[in-house]
Amino acid sequence: MSLNILLVDDDPTIAPVVEDVLNHEKVDMHFDTVASGQACLEKLRAGFSGLVFMDIMMPGMDGWQTIEKVVEEGLTLGIAISMFTAAGDPPAQSRVLAEHVVNYVRKPFTAQQLMDAVDDARMMLAH
């Protein structure tokens, strides 16, 4: 079963690496990328469903603020969010939003971490 994957990250060097790793791991997917929280919201409003890799540190609206908007607008149905972070443990304010996050992928990431996120998303979306 093909999985829609949306990478939300303002660093243009991340998307080709993530896509290459997932292709190498033979993930059946449709891969898309946007560079901001606002662009992510537009994709979700347009009906995107699947796995969202959400960078935490982005200019303007960060990953946590984006998830707050996703929840406020009722856009959580049909998506699994995996946080992408170079930071350490999630901040305290994220505890409220933790139920909307499947897992955390730390940068620099391994192929196994990406595959774990894909597997977790598939399991969550199947229910």
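For the structure, see preceding data.
Just so we're clear, the structure is a prediction, and the values are computed from it rather than from any experiment.

Caption draft 1: View of the overall build of the chain. Of the regular secondary structure elements, the chain holds four helices and five strands. Listed by position from the N terminus, the elements making up the chain come as β-α-β-α-β-α-β-β-α. By the compact-globule yardstick of 14 Å for 127 residues, the chain fits well, its C-alpha radius of gyration being 13 Å. For the chain, long-range pairs separated by at least 24 residues make up 67% of all intrachain contacts whose partners lie at least 6 apart in sequence. When the accessible surface of the chain is summed, it comes to about 6,600 Å², and 54% of that surface belongs to carbon and sulfur atoms.

Caption draft 2: Quick peek at the packing of helix H2 (residues 37-45) against helix H3 (residues 63-72). Where H2 contacts H3, the two axes come as close as 9 Å, and the packing angle between them is 25°. In terms of their interaxial angle, H2 and H3 are classed as roughly parallel. Of the two possible hands of crossing, H2 and H3 adopt the one that is right-handed. Across the interface between the two elements, Gly37, Cys40, Leu41 and Leu44 of H2 pack against Thr66, Lys69 and Val70 of H3. Within the contact of H2 with H3, the residues separate by chemical class into four nonpolar, two polar and one charged.

Caption draft 3: Highlighting the packing of aromatic side chains. What the rule picks out here adds up to three aromatic pairs. Here phenylalanine 53 and phenylalanine 84 contribute two aromatic rings whose centre-to-centre distance is 5.0 Å and whose plane-to-plane angle is 45°, an arrangement assigned as tilted. With phenylalanine 53 in strand S3 (residues 50-55) and phenylalanine 84 in strand S4 (residues 79-85), this residue pair connects regions lying 31 residues apart in the sequence. This pair shows no difference in class: phenylalanine 53 is buried, exactly as phenylalanine 84 is. Judged by centre distance (6.4 Å) and plane angle (45°), the rings of tryptophan 64 and tyrosine 104 are tilted. Separated by 40 residues along the polypeptide, tryptophan 64 in helix H3 and tyrosine 104 in strand S5 (residues 101-106) bring together distant segments of the chain.

Rules used throughout
Residues numbered from 1 in each chain as written. Predicted model: local features only at pLDDT ≥ 70, side-chain atom pairs only at ≥ 80, totals over all residues. Heavy atoms only, no water. Helix = DSSP H or I, 4+ residues; strand = E, 2+ residues; numbered from the N terminus. Rg over C-alpha atoms; globule rule 2.2 N^0.38 Å. Contact = heavy atoms within 4.5 Å. Areas by Shrake-Rupley, 256 points an atom, 1.4 Å probe, with all protein chains shown as cover. Axes fitted to C-alpha atoms, helices over the stretch in contact; angles between N-to-C directions. Parallel < 35°, antiparallel > 145°, perpendicular 65-115°, else oblique. Left-handed = near helix turned anticlockwise from the far one by under 90°. Nonpolar A, V, L, I, M, F, W, Y, C, P; charged D, E, K, R; others polar. Phe/Tyr/Trp six-rings, centres within 6.5 Å; stacked < 30°, edge-to-face > 60°. Buried < 20%, exposed > 50% of the residue type's maximum accessible area, 1.4 Å probe, protein only.

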